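Per-entry structural report
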Amino acid sequence: MHFLEPYGLLGLAALIPIVALYFLKLRREERVVPSTLLWKKVIEDMHVNAPFQRLRYSLLLLLQLLMVALLGFALARPYLAMSGSETQRIILLIDTSASMSTRDAGPDGTLTRLEAALRDAKKKVDDLGNNGEMRIVAFDEEVRQLTRFTQDRYTLKETLDQLKPRHLRTHAQEAFETCMSLAEERENTKVVVLSDGCFGKLDLQKLLGAEAANVNTENQPVSKFRNRFQFVDYGKQDTDNVAITGMSARTRPVSTKDENGNRVDALETQVFVMVENFSAKDQDVILSLATDQATFTPKVIKLKARARNEQGVFDDAPTGATVDASRSNEVFKLPLGTAGVVTARIQAPKDAFPLDDEAQVVVGSSEGTKILFVSKGNYFIEKAFLAMRGFEVMKISPEEFEKSWTAKGALAVDGYDCVVFESCAPPKWEDGGAVIIGAMPPITGFKAKEPPKLEGPPIISWDDTHPVMRYINFGNVTVLKALAWQIPKIATSLVDTQSGSLLMAYENDRVHVVGIAFEVFDSDWPLRRSMPLFLKNAINWAAEASSRRRPVAQKTGEPLIIPPIADGTTAKLTRPDGSTEEVKISSEQKTPVKEINTVGLYMVTDLPGGKASDRVYAVNLADPQESDNGARVKIKVGDQDLEASPAAISAKSEIWRWLALAAVTLLMAEWWVYHRRIGL
């Protein structure tokens, strides 16, 4: 037996005055006796008052001595030493990633892994010695140092009570590097890792620095790492998880037939859902898809078992793995005109990790193609629009567009799939699709050359593989003059001359822009059949980035990007849990909203333009690493293994509470005995 507070044993000194009181205690009883016995009683009283006589048996004295002895031992905080070594400084490194919300931990398997880890962490706080210090570090996609080294048990427990699992993936390397650095600041510091181990292999070189060079010749650096870290695993190794690990959507132009049987152009939206089986047995998965308007017939998908991979999902699969057979990419075609939130859900089988059983994507309207034509008037382009079925064109002058842009910013074009600018350009373009004719696109990387004009540039080649140039022949087009510009490296030149590009296509994840370096009246292109076909191709391609049509879905941890709004504004952000906050939106640049740590729908409201301007963002986990949530029994560090401890923190077990309870029981017994004697 050991003691956390040895000085508490001084409380045993209270035994001395209790015994002394019994030595000096007088016992007198009133009795009516004959006079011949009076002197005998006086002699007995003299013997009683004489000090240092032999103690007579007394139940009250025995109970009082036992009670004081138990309280004295309780003050010293005795404990029984269990397996595991004691340390003076402890760093609790707690995993709060998405997989820690799996409900398969605890004695009866009803706790989440994080709940079980926090329960053990609080026990470790209670076991902290008088001179011990503890620090709490949490990690998922980022490392959070929640406390400094402290002896304050109240602060440590309060910090643990505030920890919740976040719907983020695990970046363990940075967390281990941080704790390695903190542990090296002082000797006798140990890092206790509370995690399910669902992360990839750690880089030993980064953890040990220059010492890692000796790993192949001596084992000292690796032993140093093992002595610093203790890994406690949580959860079951054999997972039953089936997950949606990816969801996206694509809207594309297709040819179909109308009610009269005539072929027409339309837009079709397809939803892609990746489903994977991470359990060790074959599964029949029931996958359903629903929109705001309708529910599709569920699909039954047969998936093979996934071979167990101790090192993580991104490492080389062991021999006999059936990764391809354990996943399926399902495609759903939505009815024409479908818009809003589309939800994919695994209805069966149910598992201990429901977080990845559902995913959502926000699909914009696919009914028709809305075009904003900014021009002073062009007969040939307007004629080309009339030949395009399914296109809805709104024409305004450059002056009207400038006023609208000044008042609303990017919201001025929010309701259109594509904006066609003729002989003009917007102040900037950061979101959506556009075709810019005879003006330089306002995109970083475009620069004017000297001289700024090309006179009669001969066309030497064109790219007929790009979607914009499908079925286009530029060999018979003559251009009198064009802009001499330098395009960014990420842009694709579609038509080349000896002096530079005449047509280009620029794209990123939010922008599709087609730039034409000449005005149509400075060429004979309006007389060629290729011009209306080119405009149709260019508009369809640019419209793929339309904010109205583009599916909105992203992973947790990625910031929400809100486009700029003229003069700025304050919008309301509603998170999946119903909490709201104000977001200040910039008028000059995109506004990122951070702390996107929860799966679900995020809504941005109170924007200029009313309810029609509201934005909805779908945020999904969609992470195979977190869905592969079978608990690991070891952490892979380079070529070395850090074995897991039993699913509880080995530490001392204090027994002072039982001693205090026994003392209270004896106190009650002493009280009862005393009053019973008085009653007699």
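Computed from a predicted structure; not experimentally measured.

Check the secondary structure of the chain and you find 13 helices and 36 strands. Classification of the 680 residues of the chain by burial places 48% in the buried group. Within the chain, contacts between residues at least 6 apart in sequence are counted, and of these 71% link residues at least 24 apart.

To continue, consider the packing of aromatic side chains. Tallied over the entire structure, the rule returns 14 aromatic pairs. With a centroid separation of 6.0 Å and 65° between ring planes, the pair formed by Phe-380 and Phe-521 is classed as edge-to-face. Of this pair, Phe-380 sits in helix 9 (residues 379-386) while Phe-521 sits in the loop between strand 26 (511-516) and helix 11 (530-542); the two residues are 141 residues apart in sequence, bridging distant segments of the chain. Judged by relative accessible area, which is 28%, Phe-380 ranks as partly exposed. Given the relative accessible area of 48%, Phe-521 is considered partly exposed.

Once that is clear, we can look at the sheet that holds strand 35 (residues 640-645). Pairing between the strands of a sheet comes from backbone hydrogen bonds, and it takes one of two forms, parallel or antiparallel. Taking strand neighbours across the sheet as the criterion, the seven strands line up as 7-6-3-8-9-35-34 in an open arrangement whose pairing is mixed. The open sheet has two free edges, formed respectively by strand 7 (143-145) and strand 34 (634-637), since each of these has just one partner strand. Each strand of the sheet is rotated relative to its neighbour by a mean of 25°, with strand direction disregarded. Sheet analysis places strand 3 (residues 89-95) next to strand 8 (residues 189-195), joined by six bridges and oriented parallel. Each residue of the ladder has a partner; that of Arg-89, found in strand 8, is Thr-189. Of the strands in this sheet, strand 3, strand 6 (133-139), strand 7, strand 8, strand 9 (229-233) and strand 34 touch helix 6 (residues 172-183), which is tilted by about 170° from strand 3.

Glancing now at the sheet that holds strand 12 (residues 283-290). Spatial strand order, 13-12-15-16: four strands in an open sheet with antiparallel pairing. Unpaired on one side and paired on the other, strand 13 (299-303) and strand 16 (358-363) mark the two borders of the sheet. Geometrically, the sheet is characterised by an average inter-axis angle of 25° between neighbouring strands, direction not taken into account.

Take the packing of helix 4 (residues 113-126) against helix 5 (residues 153-161) next. Between helix 4 and helix 5, the shortest axis-to-axis distance is 10 Å and the interhelical angle comes to 175°. By the angle between their axes, helix 4 is roughly antiparallel relative to helix 5. In contact with Leu-118, Ala-121, Lys-122, Val-125 and Asp-126 of helix 4, helix 5 contributes Arg-153, Leu-156, Lys-157, Leu-160 and Asp-161.

Looking now at the packing of helix 9 against helix 11. In contact at an axis separation of 9 Å, helix 9 and helix 11 are set at 65° when each is read in the N-to-C sense. Between helix 9 and helix 11, the crossing angle belongs to the class labelled roughly perpendicular. The interaxial crossing formed by helix 9 with helix 11 has right-handed handedness. Facing Phe-380, Ile-381, Ala-384 and Phe-385 of helix 9, the residues of helix 11 in contact are Met-531, Pro-532, Leu-535 and Ile-539. Looking at the contact of helix 9 with helix 11 residue by residue, the class counts come to eight nonpolar, no polar and no charged.

Next up on the list: the pattern of salt bridges. Taken as a whole and assessed by the stated rule, the structure comprises 27 salt bridges. In this structure, Asp-104 engages Arg-113 in a salt bridge whose closest nitrogen and oxygen atoms are separated by 3.0 Å. Neither residue differs from the other here; Asp-104 and Arg-113 are each classed as buried. With a shortest N-O distance of 3.5 Å, Asp-641 and Lys-634 are connected by a salt bridge.

A few words now on unusual backbone geometry. The step from Ala-348 to Pro-349 runs through a cis peptide bond, and the omega angle for that step is 0°. Here Pro-349 is to be found in the loop between strand 15 (340-348) and strand 16. That bond from Glu-450 to Pro-451 is cis: its omega, -5°, falls within 30 degrees of zero. Along the chain, Pro-451 falls in strand 21 (residues 447-455). Backbone geometry places Glu-595, a non-glycine residue, at a positive phi of 60°. Phi is positive for Ala-622, close to 45°, though the residue is something other than glycine.

Thresholds, definitions, all that
Residues numbered from 1 in each chain as written. Predicted model: local features only at pLDDT ≥ 70, side-chain atom pairs only at ≥ 80, totals over all residues. Heavy atoms only, no water. Helix = DSSP H or I, 4+ residues; strand = E, 2+ residues; numbered from the N terminus. Buried < 20%, exposed > 50% of the residue type's maximum accessible area, 1.4 Å probe, protein only. Contact = heavy atoms within 4.5 Å. Phe/Tyr/Trp six-rings, centres within 6.5 Å; stacked < 30°, edge-to-face > 60°. Pairing = 2+ DSSP bridges. Axes fitted to C-alpha atoms, helices over the stretch in contact; angles between N-to-C directions. Parallel < 35°, antiparallel > 145°, perpendicular 65-115°, else oblique. Left-handed = near helix turned anticlockwise from the far one by under 90°. Nonpolar A, V, L, I, M, F, W, Y, C, P; charged D, E, K, R; others polar. Salt bridge = Lys/Arg side-chain N within 4 Å of Asp/Glu carboxyl O.

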